[in-house]
Amino acid sequence: HQYGMNEEARKPAVQLSPSERQALLLFLTGCTNGEIARRMKITSHTVKDYVRRVHKRFGVNSRAELQAYFFLGGADEPIREVDILSFVDAESNGHA
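Let me begin by describing the structure that accompanies this report. Quick caveat: nothing in here was measured; it's all calculated off a predicted structure. Think of each chain on its own: its residues are numbered from 1, step by step along the sequence as written. In view of the model being predicted, local features appear only for residues whose pLDDT reaches at least 70, and side-chain atom pairs are presented and counted only at 80 or more, with totals across whole chains, interfaces and linings using the full set of residues. To get the side-chain values, take all heavy atoms of the structure and skip hydrogens and water.

1. Quick look at the overall build of the protein
- Only DSSP runs of H or I covering at least 4 residues are called helices, and only runs of E covering at least 2 are called strands; the numbering of each starts at the N terminus. If you tally the helices and strands in the protein, you get 5 helices and 0 strands.
- Nonlocal contacts in the protein, meaning residues at least 24 apart in sequence, comprise 61% of its contacts between residues at least 6 apart.
- Here, Shrake-Rupley sampling with a 1.4 Å probe gives the accessible areas, and only protein chains in the shown set may cover a residue. Carbon and sulfur atoms form 49% of the exposed surface of the protein, whose accessible area is close to 5800 Å². Two residues form a contact once any of their heavy atoms are found within 4.5 Å.

2. Observations concerning the packing of helix α1 (residues 18-28) against helix α2 (residues 33-40)
- In the contact formed by α1 and α2, the axes pass within 10 Å of each other and the chain directions differ by 130 degrees. Between α1 and α2, the crossing angle belongs to the class labelled oblique. The element α1 and its partner α2 pack so that their crossing is right-handed. Between α1, through Ser19, Gln22, Ala23, Leu26 and Phe27, and α2, the contact on the second element is made entirely by Ile36, Arg39 and Met40.
- Class assignment of the residues belonging to the contact of α1 with α2 gives a composition of 5 nonpolar, 2 polar and 1 charged. Structural elements are reduced to axes, namely lines fitted to C-alpha atoms, with helices fitted over the stretch in contact, and the angle between N-to-C directions of any two is expressed from 0 to 180 degrees. Should an angle lie under 35 degrees it is considered roughly parallel, over 145 roughly antiparallel, and from 65 to 115 roughly perpendicular; all remaining angles are considered oblique. Helix crossings are classified by the rotation of the near helix relative to the far one: an anticlockwise turn of less than a right angle makes the crossing left-handed, while a clockwise turn makes it right-handed. Gly falls in the polar group here, along with every residue not listed as nonpolar (Ala, Val, Leu, Ile, Met, Phe, Trp, Tyr, Cys, Pro) or charged (Asp, Glu, Lys, Arg).

3. Focus: α2
- Those residues of α2 that fall on the buried side of the exposure criterion are Ile36, Ala37 and Met40. Angularly, the buried residues of α2 cover 100 degrees about the axis, an arc narrow enough to put them on a single face.
- If you follow the buried residues of α2, they end up packed against α1 and α3 (44-58).
- Positive backbone phi, approximately 60 degrees, marks lysine 41, located one or two places after α2. Residue burial is assigned from relative accessible area. The probe radius is 1.4 Å, only protein chains are included, and a residue is buried under 20% of its type maximum, exposed over 50%, and partly exposed in between. Arc definition: directions from the helix axis to the C-beta atoms.

See the structure below:
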């Protein structure tokens, strides 16, 4: 399978909670678990839990596979580049 993903991972419209989505967006912008925890005002343990759940939902086993999924064409549409850019803009303006 491409990028180590299983067939379920290729299904569109993976549902994420708002917190999982925020953690995923922060990760995709290059944040570490510690940075995600600080920005979201949660513990690093909670970030690890979100990351684990996101991996499971997208059928990947690592951060590298998750990045490949989004940046090398595996994602059908759950999070688009425009979402990431909008989130980064909002973060830099203090709105996220």
